[in-house]
Each structure stands twice: as C-alpha cells, then as structure tokens.
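# A closer look at the structure
Okay, here's what each chain looks like letter by letter:
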Amino acid sequence: MALQNSLKSVEILPEDADKALLVGRVWSNAAAGPCPVLVKAGRVFDLSSLSPTMSGLLEIEGLAEQLAAATDLADLGSLDAYLSGEAGHLLAPVDLQAVKAAGVTFADSMLERVIEEQAKGDAGRAQEIRGKLAPVLGDSLRGLVAGSEQAAKVKTLLQDMGLWSQYLEVGIGPDAEIFTKAQPMSSVGCGDRVGIHPISQWNNPEPEVVLAVRSDGTIVGATLGNDVNLRDVEGRSALLLGKAKDNNASCAIGPFIRLFDGDFTLDVLRKVRVSLLVRGEDGFEMTGESPMEAISRTPENLASQLRNRNHQYPDGAVLFLGTMFAPVKDRRGVGLGFTHEIGDRVEISTPKLGRLVNIVDRCDACPEWTFGTRALFENLARRGLL
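Throughout what follows, the structure given in this document is the object of discussion. (Residues numbered from 1 in each chain as written. Predicted model: local features only at pLDDT ≥ 70, side-chain atom pairs only at ≥ 80, totals over all residues. Heavy atoms only, no water.)

## So, the sheet that holds strand E18 (residues 354-362)
Overall, mixed pairing links the five strands, which are arranged E8-E18-E17-E14-E15 in an open sheet. Two strands close off the open sheet at either side, each with one partner strand: strand E8 (193-196) and strand E15 (285-291). Ignoring strand direction, the axes of neighbouring strands in this sheet form an average angle of 25°. Pairing between strand E17 (residues 345-350) and E18: six bridges, direction antiparallel. (Pairing = 2+ DSSP bridges. Helix = DSSP H or I, 4+ residues; strand = E, 2+ residues; numbered from the N terminus. Axes fitted to C-alpha atoms, helices over the stretch in contact; angles between N-to-C directions.)

Encoded structure:
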C-alpha cells in the first residue's frame, strides 16, 4: 500500500467532485472486510445496507436518484484516511462483475496492432514496419465508422493491396473484438501495484474509459482502467491474447465509478479526453492522450455487442472501451520504442472521472490474488450481511 499512503484525495477525485455521484469499494479495517461506498465531500459512506456487493448495488433501479437523496448512510471516515492506510485502503470499484475489454477501437491503435503482427513481437523491427505502413493505413483508417459501407470499401482496397489483417477486421469490420481482460475480483485499484509478466520485454499501459454495465445491458456509469498489454507476447500470435492480457495484477480499475445523472451523461462521456503520464525512476517521462471522440464504435454499440440475447452477464460487467494510445517513444535504444521499467508511476486521468494511479512491478512480485468470490461470501456471511 506504499503508493496509496502517499496519495491525497484531491489528486484522484474528479474536478467537479462536489457534483459527482461516486461509488466504489474500500477495505474497511473497522468492518474487517470490503464495503461498497459512496464518496461525498471527502467522506466515505457505507452502502452495505443497500447491497453488500457492487454488483448488486448497480442493479438497483434509480440508484443515482436514491443516493443523491440519501442522508442516513453510515460514515466510514475520510477518503484520506483510506489513502493513508489509517482506516483501510481502496479496492477496485467492482467485485462480481465480469471484466471485459474491447480491442482495436481507435485508428492509431489499429495501426500499432498491425505493426505488432508484422513484427512478430520484435520491438526492433517495429519502426521500419511503421514507416512502411503508416502512410497507407493511417490515411485509410482515420474517421472511418466501423461496420459502415465506407469501411467495407476500405477493407476491399486493403485486401487488394495485400495489407489486410485480423486486427483491421475487428477494427473496422461489423464485429467488435470483445475479450475477457481479468477474472471477477482480480482487478487492482488506485494506488496498488500493477503487474507486467516477467517474460515480456515490450509492453505498455493502455489508458481507457471503462463502462459499468448492468445485467440488463443498461450502462449506468463509467470509470478509468489500465488494460496492461504485452506487445511482444500478442505480437507473436493473436492466440496468445490471454497470456498477454490476463495476469496477476495486470488489470487496474478506478478510482471510483461515476454514475450517470443530470450532470454526467453518455453524451458528456463521449467528449472526454483520457490523459496518460508515465514517470520512471530512470528519469524517463512520457505523456499521451486519447480523445473519446476518435473512437470508431460508440459506447452503446460496444455494450450491445458485449451483452445481448446471445450472451448474458447476470452479475453485470465492466467494459474497457479501448485506447488510441500505443506509445512509440524510444526508451531502451533508438528504434526500440517504449516499454515499461519496474517502478514506473502510471497516471491515467480525465477531469470528469478523476485519476487512476499505479506503480509498475513484475506480476510475480505483486501480491498474489487470493481474495476471490468464495472469500468474499465467507467474509460477508461472518459480518451478517447475507
């Protein structure tokens, strides 16, 4: 919890936190377990009386209105007391929900996935391939609406040029790439260490907006996420996606889910710009930005491809919407592009959702994931919440 101990609430809350309906999870030392909470005026209020799980909480009809009017919630202390470790610590703001992700939803990241595929996971070949493909694919892909008639024409053109790729198929074709990012209960929260598999030598953060989706498919809010990616592993074969994505501590979500209400809507979310800052202990610094307006599929379309009559999530789901930011700034040598080093501080932020902060470590050095679904229900039963 070293990083959480150094964070302050003002660093992680949205700029308009006084108007935001923020829900999340904390580990409460007093309760000796996890609690769904409302964060308001710098205080943390227990929502266990409404539902002992975040999954159940988000299923409540009219939740935003109910929380906006609530006056009798138990006060668990200040948010700063959880960031300091005095009262407990922050958890990822999800529990039983499926953790899913949409890939290749921005033109720039489409290009980088094709480069990974062509380079076969070799970072040293990426710059040369980028120089050949960018002039052709970059101009062809920008502004395309996935699944549109124009996208189909571009697909035919690229096939004729011998440039078609499986990544372009999911990037501009009718069907989105939806995959499992992490197991329920395995995500880390703001202030935790985030993991890179020790076999990887070419990897990057992926700053993304994450939708909170109810079991009936309703999008009820949003948060931030880091869809940590191993470029060399996925580049060797797309069939290694699971190994590239789902590892110990490799999924960070937080700090809180902001519920939709009169001030914060899907239309507002469509216009946010997600910023990335990476600072290394070696003095390296990298910044980037993903404007949601550049996404090739709408959040509603992605959510509908996630949850429909053919595929249900009775405990709800969270959905990473993808990123346009694929870092190429050289770090270990000319032409080798970006990769993480142990100790990197990663900040993902946008004014409406706050700031998700994590420190990079190896997956086998991060704390093992041991508190799963069985442990959650045993804990809730001991506390008389079931």
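From this point, the narrative continues.
## Considering the pairing of E15
In terms of strand pairing, strand E14 (residues 273-279) meets E15 through seven bridges, oriented antiparallel. Within the sheet, the bridge partner assigned to Leu277 lies in E15 and is Thr287. Between E14 and E15, which follow one another and run antiparallel, lie five residues, and Gly283 among them has a positive phi close to 90°.

## With respect to the packing of aromatic side chains
Summed over all chains, the structure comprises three aromatic pairs. Both rings, one in Phe284 and one in Phe338, keep their centres 5.8 Å apart while their planes meet at 35°; by these two values the pair is tilted. Highlighted residues: Phe284 in the loop between E14 and E15 and Phe338 in the loop between strand E16 (317-320) and E17, separated in sequence by 54 residues. Judged by its relative accessible area of 12%, Phe284 falls in the buried class. Above the face of the Phe284 ring, Lys329 is positioned so that its terminal group lies 5.1 Å from the ring centre. (Phe/Tyr/Trp six-rings, centres within 6.5 Å; stacked < 30°, edge-to-face > 60°. Buried < 20%, exposed > 50% of the residue type's maximum accessible area, 1.4 Å probe, protein only. Lys NZ or Arg CZ within 6 Å of the ring centre and 35° of its normal.)

## Thoughts on the side chain of Asp192
Topologically, Asp192 is positioned in the loop between strand E7 (177-182) and E8. Arg193 provides the closest opposite charge to the buried, salt-bridge-free Asp192, at an N-O distance of 7.7 Å. Reaching out from Asp192, the side chain makes a polar contact with the backbone nitrogen of Gly189 at a distance of 2.9 Å. (Lys, Arg positive; Asp, Glu negative; His and termini not counted. Salt bridge = Lys/Arg side-chain N within 4 Å of Asp/Glu carboxyl O. Polar contact = N/O pair within 3.5 Å; in protein donor to acceptor, adjacent residues only side chain to side chain.)

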